[in-house]
Structure formats: structure tokens, C-alpha cells
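Observations on the model geometry
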Amino acid sequence: MPWVAVRRDGTMPGLRSSQWYSGQDRNAYIHRAWMRRGLPGHAFDGRPQIAIANTASDLTPCNSHLNEVAESVKQGVWEAGGVPLNLPVVSLGETQLRPTAMLWRNMAAMATEEMLRGNPIDGVVLLGGCDKTIPSLLMAAASVDLPAVVVPGGPMLSGTFRGVPLGCGTDVWRLSEEVRAGQLSERDFLESESCMIRSRGHCNTMGTASTMGLLAEALGTTLPGTAGLPAPDSRLLAQSHETGRLAVEMVREGRRPSDVLSAGSFRNAIVALAALGGSTNAVVHLLAIAGRLGVPLTLDDFDRIGADVPLLVNLQPAGRFLMEDLHRAGGLNAVLRQVRDLLDPEALTVTGRPLVDHLGEAEIWDPEVIRTREAPLQPAAGIAVLRGNLAPDGAIIKPAAASPRLMRHRGRAVVFDSIEDLHARLDDPNLDVDEDSVLVLRGCGPKGYPGMPEVSNMPLPEKLLKKGVRDMVRVCDGRMSGTAYGTVVLHVSPEAAAGGPLDRVRTGDPIVLDVENRRIDVDIPQEELDGREPSRALLESVARPLRGWERLYVDTVMGADTGADLDFLVGSSGDAVARESH
Ligand code: FES
């Protein structure tokens with residue numbers, strides 16, 4: 001059968017890459033000649049050109065093994081009759097990038113989108129892992145709408161410290177708080193450093209990377225059975241090989257992100273997010289991906305669809321185990337099979353078949369790690385969306401990671417105008433704070449920081465830690481690491497730097513959190529709140545000269561409640577390029 005790409009209307013226009021390679025004219029000559037360099041002549045005889053959008057980078061250590069994954073993808077592409085082409089794309093290392101990798105998510109998505117559109121490719125395999133890499137790749141693929149399939153790079157193996165498993169991220173927060181509380185020596189703390197990262201792969205807790213890898217599969221964008229495979233597991237390479245083959249098939253059949261990613265796919269992702277106890281960061285990423293496709297997804301959908309979904313997976317930070325355990329216990333399919341009735345039966349995957357068709361009879365092999373529907377860890381664990389005079393456009397909280405006793409709470413605000421202000425005053429013995437206080441941090445939204453960093457799970461004051469306090473209500477317009485825990489109200493929208501009411505809260509104001517009724521309010525007369533001037537210290541902290549990407553970002557980024565994408569990137573642009581290059 002000749003290679004063709006089928007349009008949605010059933011016509012067969014031929015491969016997109018033939019716009020570059022077919023013909024006898026000068027331009028076709030140039031496009032072929034410069035690409036030869038060892039490729040056989042038949043590479044351009046109508047074979048699908050499959051880009052491998054590769055986020056391998058030594059500065060994204062969670063993704064540094066992806067070149068090996070790419071080799072397996074290449075073999076699969078060749079085997080299926082396509083031509084694999086490595087395409088290094090912007091890579092974002094969560095632990096290294098300043099001021100926050102989130103500032104660069106949209107840049108990575110935009111750059112990848114343009115490279116996919118501008119090059120002679122027919123389909124793409126997306127290799128990601130570390131937190132922002134899969135979201136940015138999916139946003140790019142959705143925008144170009146070329147056949148696309150994800151290979152999640154997989155989590156690292158479980159490390160141990162003194163016989164106890166160490167969860168990446170989660171245990172950093174825990175151990176560092178133990179040092180501040182005087183329960184762990186600095187020497188022991190530093191000794192644990194070399195134990196935390198046991199192998200290649202991304203963080204092994206149910207943090208953002210694990211969440212987004214698993215949600216990529218729940219969305220239908222991976223070869224089923226791939227997400228959650230540990231990075232060093234040889235089966236990841238076998239699945240990568242098969243994914244290469246699948247990419248060629250997808251081009252032949254014209255199966256595009258707009259065919260795979262429907263409202264039902266996002267429903268499935270939200271159900272999975274809740275059952276897994278996944279990262280709150282998935283909210284902004286799923287909203288942004290949906291926005292690129294024009295799928296009508298709103299913040300309230302996370303509460304409407306996910307709030308009553310039971311928590312089935314006992315992984316840090318909400319629970320006890322790590323990603324290697326989840327895979328051993330049956331993996332994503334075993335989890336999804338338990339909530340099969342909540343999934344959209346028609347939502348497709350990249351295979352062309354519905355997600356539910358791939359669940360089969362997936363078994364739970366360790367009920368301590370994956371609970372049954374009848375015996376969940378929590379009966380209702382999805383993300384709750386809060387509103388109130390503190391967050392008119394919404395805020396979120398992850399009940400699974402919060403303290404039940406604080407889900408209804410009233411306390412006086414202790415306000416910090418910036419992360420620097422927090423660091424300067426938090427441990428001051430004279431800070432007027434007690435365990436009932438509500439810590440408020442502002443200036444950390446998309447425009448304010450800029451980039452919406454993971455600072456919402458602010459540390460507790462040292463004097464309270466020493467008294468044994470381990471959780472307090474915290475309110476912030478930033479994000480929280482997916483590996484973190486605590487009673488944290490985050491993504492407060494509108495953010496303070498965009499004129500949200502958070503900018504007028506003062507230390508001493510009573511803050512009322514009521515998760516059951518989905519409220520977050522400052523209990524002062526509305527006229528008083530409206531009549532106040534924004535905090536001068538806040539305005540000073542967010543005012544800075546900007547150039548380059550930061551300037552474009554701050555001028556055009558939208559709120560967290562819609563995914564924090566740039567306003568001009570919403571909606572798909574397709575794969576057409578109007579002009580030849582010469
Ligand atoms: Fe890369 Fe956690 S730092 S996944």
C-alpha cells in the first residue's frame with residue numbers, strides 16, 4: 001500500500017513531507033540533497049517522516065536517558081517503513097531552572113510547535129519526562145495537529161536511606177523540616193542526598209512528572225501500557241520500539257491529536273488524576289492542552305468530574321509507596337479498571353481504539369499499593385475548586401494531601417508580599433504567628449513572579465515546627481510541587497499582581513477556609529476590601545524591568561484558572577506553512 005495521510009474528510013492528499021521532497025524542481029532537489037548524508041535514496045520516496053521530539057538534556061537529568069529511548073523509537077519507525085528524525089527540542093529541568101521551569105513551559109511549547117510545523121515531517125513521537133516536558137510537548141502537538149504519540153521517560157527506581165524508601169521531593173521537604181525542627185542533624189540530612197536519586201528517570205513519587213506521564217496515557221496519547229514503566233526497565237525500550245511503529249501507522253491513517261483528544265479524553269484524565277492522587281499541577285497543564293485544541297474544559301470540571309472519585313493509589317506524597325511499587329502492583333491499567341464506569345467509553349487512544357478497550361482484565365497484584373474501589377484510601381479525593389471573595393475566579397486545594405482537621409478553618413492572616421519577604425521573616429522569633437494562623441503568600445502567580453513557581457507549600461515557622469506543628473493553612477497565588485503535601489490553597493485567581501483581591505489582604509484579617517462548601521474568604525466587609533489600596537510592598541516586588549521572553553510572557557500570560565497559557569496561543573493553528581524557504 002502506498003503511504004498516504006488521510007484527511008478527516010476521507011481524501012488522501014499524500015504525505016505532508018512530499019511538499020518538500022517530491023518533484024524534479026530545484027526546491028525539491030535542495031530539500032532532498034541536504035538531508036541525504038547517509039540516508040538512502042528511498043528515504044524520500046513517499047515514506048512517512050517521523051520526528052522524534054527529544055527533550056534529552058544533561059541539564060534535565062530526569063530526561064538524560066531519552067537518547068537511548070529515541071534509538072528504540074527509531075528502530076520501530078524504520079521497521080514500519082518510516083524515516084525517523086531526531087529533533088532536539090527545548091528541555092526544562094525542574095530542579096535547575098530559575099526562576100521556575102513553569103516560566104518556560106509556554107516557550108518550550110511554542111518553540112516545539114514551530115519546529116514541528118516548519119519542518120518536513122508527517123508525524124512525531126514526543127519524548128518527555130520531567131515535569132513540564134510532557135505538557136509542553138502535548139501543547140505543541142495539539143497546536144500543529146500532526147499525528148503524535150508520547151513516550152513518557154518513566155520514573156526512577158526507589159532509593160533508600162537507612163533502610164527506608166526515599167521519595168524524591170517529598171522526602172526532601174520532610175527531611176529539611178526535620179532539620180529545622182531539630183529532629184535530624186545536618187550531617188544525616190546531607191548523607192541522604194546521595195541516596196535519593198537511585199537511577200535514571202524522573203521523580204518517583206506521584207509528583208507532576210509521574211502524574212503527567214500517567215495522564216498522557218489516560219488522555220489516550222501513549223501506546224497503552226507504557227506510562228509508569230520505570231526508566232531503567234527494559235520493557236520501556238520495547239514499548240518505545242512499538243511506539244515508533246505506531247507513529248508510522250498513525251500517519252498512514254491520518255490519526256491526529258484532534259481525533260484523539262476529546263472532551264471525553266479530558267474526563268478520563270481528571271478521573272485518573274483523582275484516583276491516582278496526582279499533582280495539582282495537572283490542572284494548569286490539562287487546561288492549557290485543552291485550550292490548544294479548543295476543547296471546552298474549565299476549572300470547575302475538575303471538581304465536577306473528579307471530586308467524588310476515590311483515592312486508590314497509596315503513593316507519596318499523599319501516601320506511602322513509590323512509582324516502582326505502582327508498576328509492580330499493576331500500574332495505571334489496574335487503577336483505571338477500578339473506575340472504569342466513570343471513564344468515557346468512547347474516548348480514543350492513539351491506537352484508534354477506546355481507552356477502556358485497553359484495560360482488559362488488569363489485575364491488582366498488591367492491594368496495599370492499589371486499593372480496590374470497595375476499599376479506597378479516601379472515598380472522595382479529587383481536587384476541590386474553591387471560590388470566594390479571596391478567589392473570585394477560583395483556587396484549588398488537594399484534599400488528599402491536606403489535613404482533615406484543617407479543611408474547615410478560621411485563622412488570622414500572616415501576609416508575605418514576596419518569597420524574599422517570606423524567607424526574611426518566617427523564622428523571626430518575634431513573628432506574630434501561631435498554629436491557627438493562615439500563612440498568605442502573594443506575588444507568585446504567572447505575572448507576579450513571573451512564571452508561577454512551586455512555592456505555595458511554604459515552610460512552617462521554625463518556632464511552630466519545634467512545638468510539633470506539622471501543617472497549617474496556607475494560601476498563595478502560586479503553584480505547589482506535586483511532591484509536596486499540606487493544607488494549601490493554591491492557584492488563587494486572579495493573582496495579586498493582576499489585581500486579584502489577594503493584593504489587599506492584611507496581616508490580622510480573618511481568613512475562612514471551608515472546603516466542604518468550596519469557599520475561601522477573607523471575613524471583612526466587602527466594601528472595606530474593595531476600598532483598600534493594593535499592598536505597596538507587593539507592587540514593588542512585582543515591578544521590574546523586563547525584556548525578551550519574560551516581557552512577552554508577562555504581557556500575554558493568562559490566569560491559572562485557564563491554564564496560564566499565552567493568550568495568543570489558544571486554539572490550534574494546524575500544520576500548514578504558507579511559503580517556501582527559498
Ligand atoms: Fe524532574 Fe522531579 S525534578 S521529575
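Heads up: these notes are all about the structure in this document. (Residues numbered from 1 in each chain as written. Predicted model: local features only at pLDDT ≥ 70, side-chain atom pairs only at ≥ 80, totals over all residues. Heavy atoms only, no water.)

What follows covers the overall build of the protein. A tally of regular secondary structure across the protein gives 20 helices and 14 strands. The globule rule puts the C-alpha radius of gyration for 582 residues at 25 Å, and the 24 Å found for the protein is close to it. Projected onto its principal axes, the C-alpha coordinates of the protein cover approximately 80 × 50 × 45 Å. When the 582 residues of the protein are sorted by exposure, 62% land in the buried category. Working note: accessible area of the protein is about 22,200 Å², and carbon and sulfur atoms make up 50% of it. Looking at charge distribution, the protein has the averaged site of its 59 positive side-chain charges lying 3 Å from that of its 74 negative ones. (Helix = DSSP H or I, 4+ residues; strand = E, 2+ residues; numbered from the N terminus. Rg over C-alpha atoms; globule rule 2.2 N^0.38 Å. Buried < 20%, exposed > 50% of the residue type's maximum accessible area, 1.4 Å probe, protein only. Areas by Shrake-Rupley, 256 points an atom, 1.4 Å probe, with all protein chains shown as cover. Lys, Arg positive; Asp, Glu negative; His and termini not counted. Charge placed at Lys NZ, Arg CZ, Asp CG, Glu CD.)

The computed volume of the second largest pocket comes to approximately 280 Å³. Contributing to the lining of the second largest pocket are 15 residues, with Trp20, His31, Gly118, Glu580 and Ser581 lying nearest its centre. In the lining of the second largest pocket, the residues fall into 7 nonpolar, 5 polar and 3 charged. (1 Å grid on protein atoms, 1.4 Å probe; cavity = no way out; pocket = protein on both sides within 12 Å on 5 of 7 lines; lining within 4 Å. Points joined across faces, edges and corners; volume = space filled by probe spheres on them. Nonpolar A, V, L, I, M, F, W, Y, C, P; charged D, E, K, R; others polar.)

What the rule picks out here adds up to 44 salt bridges. With a shortest N-O distance of 3.3 Å, Lys466 and Glu462 are connected by a salt bridge. On the basis of relative accessible area, Lys466 is assigned to the exposed category, the value being 52%. (Salt bridge = Lys/Arg side-chain N within 4 Å of Asp/Glu carboxyl O.)

Further remarks concern the sheet that holds strand S4 (residues 148-152). Spatially, the 4 strands line up as an open sheet ordered S2-S1-S3-S4, and their pairing is parallel. The two strands at the open ends of the sheet, each matched to only one other strand, are strand S2 (83-88) and S4. On average, adjacent strands in this sheet sit at an angle of 20 degrees to one another, irrespective of strand direction. Contacting strand S1 (49-54), strand S3 (123-128) and S4, helix H5 (residues 133-144) crosses the sheet at an angle of about 165 degrees to S3. (Pairing = 2+ DSSP bridges. Axes fitted to C-alpha atoms, helices over the stretch in contact; angles between N-to-C directions. Contact = heavy atoms within 4.5 Å.)

For the rest of this paragraph, the subject is the packing of H5 against helix H12 (residues 281-293). Viewed as axis vectors pointing N to C, H5 and H12 meet at an angle of 10 degrees, and their least axial separation amounts to 8 Å. Compared by their axis directions, H5 and H12 come out roughly parallel. Residues Pro135, Leu138, Met139, Ala142 and Ser143 of H5 lie in contact with H12, whose contacting residues are His285, Ala288, Ile289, Arg292 and Leu293. (Parallel < 35°, antiparallel > 145°, perpendicular 65-115°, else oblique.)

This part covers the pairing of strand S9 (residues 408-416). Of the strand pairs in this sheet, S9 and strand S13 (residues 510-514) are connected by 5 bridges, and their pairing is antiparallel. The partner of Arg412 across the bridge, within S13, is Pro510. Alignment of S9 against strand S10 (residues 438-441), held across 4 bridges, turns out to be parallel. By the bridge assignment for S10, Val414 is matched with Leu439.

What follows concerns empty space enclosed by the protein. The probe, sized like a water molecule, is rolled over the atoms to show the empty space still left. Under the counting rule described, the total for this entry stands at 4 cavities of 30 Å³ or more. Quantified by volume, the largest cavity comes out at close to 70 Å³. Lining the largest cavity we find Ile270, Leu273, Ala274, Gly277, Gly278, Phe302, Gly306, Ala381, Gly382, Ile383 and Lys398. Looking at which element gives the most residues to the lining of the largest cavity, the answer is helix H11 (residues 263-276), with 3 residues. Of the residues assigned to the lining of the largest cavity, the class counts are 6 nonpolar, 4 polar and 1 charged.

For the structure shown, the criterion picks out 2 aromatic pairs. Between Tyr21 and Phe44, the ring centres sit 4.7 Å apart and the planes meet at 50 degrees, which makes this aromatic pair tilted. With Tyr21 in helix H1 (residues 18-21) and Phe44 in the loop between helix H2 (26-35) and S1, this pair connects stretches of sequence that are 23 residues apart. Phe44 shares its class with Tyr21; the two are buried. Geometrically, the ring pair formed by Trp549 and Tyr553 is tilted, given 6.3 Å between the ring centres and 45 degrees between the ring planes. (Phe/Tyr/Trp six-rings, centres within 6.5 Å; stacked < 30°, edge-to-face > 60°.)

What follows deals with helix H13 (residues 299-306). Most of H13 is tucked away: 6 of the 8 residues are buried. Residues of H13 that are buried include every one of Leu299, Asp301, Phe302, Asp303, Ile305 and Gly306, and no others. Buried positions along H13 lie against H11, H12, strand S7 (384-388) and strand S8 (391-397).

What follows deals with a nonpolar patch on the surface. A cluster of nonpolar side chains, namely Val172, Trp173 and Tyr485, defines an oily patch on the protein surface of about 220 Å² accessible area. Residue placement: Trp173 occurs in helix H6 (residues 170-180). Looking at Trp173, the relative accessible area reads 32%, which means it is partly exposed. (Patch = residues over 30% accessible without salt bridge, like charges linked within 9 Å, V, L, I, M, F, W, Y side chains within 5 Å.)

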